[in-house]
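# Coordinates in review
Each chain is listed here by its residues.
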Amino acid sequence: MGFVFLSIVSQLIFVAFFVGLIVYVVKKSRRVRESQEVIKALKPVDEKGSEIPFTHEYSPGGRRRASYLTVSVPCASAGSFEITRENFLDRFFKRIGFSVEIKTEEEEFNKAFYCNTEAIPFMQAFLGNPEKRKAIRDLFNLGFKKLSHDGKRFVASWRNFGSTPPSPALIQSTVASLAILGRNIPRVESSSSLNQKTAFTRDPLHQFLVALPIILLPTGLVLLIWGYEAYYPIFDTLKFTLKFPGYGFLAFLLYLWFLGRQIRGRSSSHKTLLTFGTMALIAFPLAGIGLGYALNGFLDNQSEIVGSSQPIIRKEIVRHKRSRSYYAYTELQRDPGGQGIRSPVEAEIRISRAEYDSIQPHQSRIILVTKPGWLGQEWLVSYRIE
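Everything in this summary refers to the structure shown in the same document.

This part covers helix α8 (residues 204-230). A turn of α-helix holds 3.6 residues, and therefore any two residues three or four places apart point the same way. Over its 27 residues, α8 extends 36 Å from the first C-alpha to the last, a length consistent with the 39 Å expected when each residue adds 1.5 Å. Along α8, the sharpest change in direction is near 30° and occurs at A211; proline P213 comes one to four residues later. Considered for burial, the residues of α8 that qualify are H206, L209, V210, P213, L216, G220 and G227.

Below is the structure:
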């Protein structure tokens, strides 16, 4: 009787929790929808009484999605930029002279915010206006994390805004500050602002340096997979693999030096360096390893080594998330140190499921046909299980 009672209580608790969760989600969605409708009905006006057009987007987020709020006001100009609060990396790269930011006459503003732009004349005129600097401060004081302009509209962005929808007062204040930014836009010839970025990105060396890690990353991965599958190494691959990341790392340092020389002196220099440098840090060693495995087999024109029948000493299953791999192991007489002293070395052979099931360790035997490898890593040509 007691067990039945506990079972009923637990089921009631589960049902109450499930119903409560549904009610919470419905109320949350309704609250967001009602807030959106109120905000859409807003008619903010400027000092002259003219209505300010704006758009906004809010998401309360979810389990794997951060909440965010964006508010934008249309405004065409000859420049583009992105302003955030200055962080440690911004200050560090400015201090060593690698990145150069637009400076204003207001030192506190220069220390508080970092402007990323290629439109130098435009931004010098734009940030030279005290009214616009105040509007920028007001936006960040409201809580926004980033202000951007793409030449068509000003956008204030707030990541991790929270689950509570924005209030109409917040939207009103944000639109008012964005409208100030869009008023009396500096008229700067595009040839001296936006085209600076175009001229830089069209430089052949810049294009090559940017494209190199993007190309090397998939190329290195393809070479590694192809080289490992087509020229399967039968002995411990760790020592062989570790030969190549060192060369890749040296190439990475050389690449970083060339990239730094090419991009230094701009406001976005350090961000470009960190973006492509991180990609290159993975791409160069990976390409080195992949090239090593591919060339070891592809350029190997030495004679095949036909081994004698050897007992299979053990077998093994390696379980992956969605698959399994099957291996058989035997011992071959080799000279791993290259000093003329031969000793048993365990060789690994990847086999099929059917072959795995048929193998009886220490009773089943295997004949291997291998090649020495152009770079010294012996690889499997074929095998036969007896």
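Here A328 lies in strand β10 (residues 324-334). With a relative accessible area of 0%, A328 lands in the buried category. The spacing of A328 and R350 is 22 residues in sequence and 6.5 Å in space, taken between C-alpha atoms. Beyond its immediate chain neighbours, meaning those up to four positions away, A328 contacts I312, R314, K315, A347, E348, I349, I351 and I359.

Here we come to the pattern of salt bridges. When charged atoms on two side chains of opposite charge get close, those side chains can pair. Considering all chains together, one arrives at 14 salt bridges under this definition. Salt-bridge contacts for K146 lead to E82; the nearest nitrogen and oxygen are separated by 3.9 Å. Taken together, the residues span a long stretch of sequence, with K146 in strand β5 (residues 146-149) and E82 in strand β3 (residues 81-85) at a distance of 64 residues. Residue R137 pairs with E106 through a salt bridge whose shortest N-O separation is 2.6 Å. Note that R137 is positioned in helix α5 (residues 130-142) and E106 in the loop between α2 (88-95) and α3 (107-112), a separation of 31 residues in sequence. The exposure class assigned to R137 is partly exposed, which follows from its relative accessible area of 27%.

A contiguous nonpolar surface patch, about 480 Å² in accessible area, is contributed by F88, L89, F92, I96 and L274. Among the elements that make up the nonpolar patch, the one with the highest residue count is α2 (3 residues). Locating L274 in the fold gives a position in helix α11 (residues 269-298). What makes L274 partly exposed here is its relative accessible area of 37%.

Spatially, the 3 strands line up as an open sheet ordered β9-β10-β11, and their pairing is antiparallel. The open sheet has two free edges, formed respectively by β9 (314-319) and β11 (343-351), since each of these has just one partner strand. Each strand of the sheet is rotated relative to its neighbour by a mean of 30°, with strand direction disregarded. As defined by bridge partners, β9 adjoins β10 across 6 bridges and the pair is classed as antiparallel. From the neighbouring strand, I317 faces β10, where its bridge partner is Y326.

Thresholds, definitions, all that
- Residues numbered from 1 in each chain as written.
- Predicted model: local features only at pLDDT ≥ 70, side-chain atom pairs only at ≥ 80, totals over all residues.
- Heavy atoms only, no water.
- Helix = DSSP H or I, 4+ residues; strand = E, 2+ residues; numbered from the N terminus.
- Expected span 1.5 Å × (residues − 1).
- Bend = angle between axes of the 7 residues up to and from the residue.
- Buried < 20%, exposed > 50% of the residue type's maximum accessible area, 1.4 Å probe, protein only.
- Contact = heavy atoms within 4.5 Å.
- Salt bridge = Lys/Arg side-chain N within 4 Å of Asp/Glu carboxyl O.
- Patch = residues over 30% accessible without salt bridge, like charges linked within 9 Å, V, L, I, M, F, W, Y side chains within 5 Å.
- Areas by Shrake-Rupley, 256 points an atom, 1.4 Å probe, with all protein chains shown as cover.
- Pairing = 2+ DSSP bridges.
- Axes fitted to C-alpha atoms, helices over the stretch in contact; angles between N-to-C directions.

So far we have only geometry, and geometry alone does not tell us how the molecule works.
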